[in-house]
Amino acid sequence: MADQTHVLFVEDDDVIREATQLALERDGFAVTAMPDGLSGLEAFRADRPDIALLDVMVPGLDGVSLCRRIRDESTVPVIMLSARADSIDVVLGLEAGADDYVTKPFDGAVLVARIRAVLRRFGHAAGAAQAAGASGPSAADGVLAFGDLEIDTEGMEVRRAGQPVGLTPTEMRLLLEFSAAPGTVLSRDKLLQRVWDYGWGGDTRVVDVHVQRLRTKIGQERIETVRGFGYKLKA
């Protein structure tokens, strides 16, 4: 267990839960599978998994609410599972703090690929910080400054007007991409590739919701929307 990536999987459908657990275990993951949100929260607090897979529609405490509870306590990566790609639940899950989502029914290989992409993204946060520090504007002691916004690319900390700003690893990666090229427009597709590690097409709603979440923390005016192209960080 100690050497394995530990996955918390919350799904109320017995067949899906058991089949997915077996598939993940065959790929080398250690899995704690729970049938409802309340038991999922208890398992999260007891086990502190490396990543959480949460179905949106689970009893007791729904997946979106569970994601919020987890995000209040931890920056552990969260992937939401939704039965409909066009469901408002997808956006609600991302707004609650999820890092990605997968639509059901899903292929086991696709789910594993998305899990590994998220884990790589979190594991490579330090590398992204070094890249931002090397290619971004001049900085003292690894600190980039944009008005009242300061980004410590070595300590992986952000301050606004001197006050610490709590970012999830995905939000930090997104901010580092922007700060590495201030004033440069980054398309949604490019951000999906660089931040979410997608070598394939992805849903740009993931980018839009994360940009909005980041704006609420660092200032709405700091990231500008360039209609039809993408986003840029105001230098």
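Note that the structure is predicted; figures quoted are calculated from it, not measured.

Caption draft 1: Looking closely at the sheet that holds strand β8 (residues 157-160). As summarised here, the arrangement of the four strands in space is β6-β7-β8-β9, forming an open sheet in which the pairing is antiparallel. Among the strands making up the open sheet, the edge pair consists of β6 (143-146) and β9 (163-165). Mean inter-strand twist for the sheet, computed between neighbouring axes without regard to direction, equals 25 degrees. Relative to β8, strand β7 (residues 149-152) runs antiparallel, the two sharing four bridges.

Caption draft 2: Representation of the sheet that holds strand β2 (residues 30-34) in the model. The strand order β2-β1-β3-β4-β5 describes an open sheet built from five strands, whose pairing is parallel. Edge strands, defined here as strands with exactly one partner in the open sheet, are β2 and β5 (100-103). Each strand of the sheet is rotated relative to its neighbour by a mean of 20 degrees, with strand direction disregarded. Direction of pairing for strand β1 (residues 6-10) relative to β2: parallel, over a ladder of five bridges. Counted as the bridge partner of His6 is Ala30 from β2.

Caption draft 3: Looking closely at the pairing of β6. Only one face of β6 is covered, namely the face carrying Leu144 and Phe146; the face carrying Val143 and Ala145 is uncovered. Taken together, the four bridges between β6 and β7 define a ladder with antiparallel strand orientation. The partner of Val143 across the bridge, within β7, is Asp152. Here β6 folds back onto β7, and the loop between the two strands holds two residues, one of which, Gly147, carries a positive phi near 65 degrees.

Cut-offs used in this document
Residues numbered from 1 in each chain as written. Predicted model: local features only at pLDDT ≥ 70, side-chain atom pairs only at ≥ 80, totals over all residues. Heavy atoms only, no water. Pairing = 2+ DSSP bridges. Helix = DSSP H or I, 4+ residues; strand = E, 2+ residues; numbered from the N terminus. Axes fitted to C-alpha atoms, helices over the stretch in contact; angles between N-to-C directions. Buried < 20%, exposed > 50% of the residue type's maximum accessible area, 1.4 Å probe, protein only.

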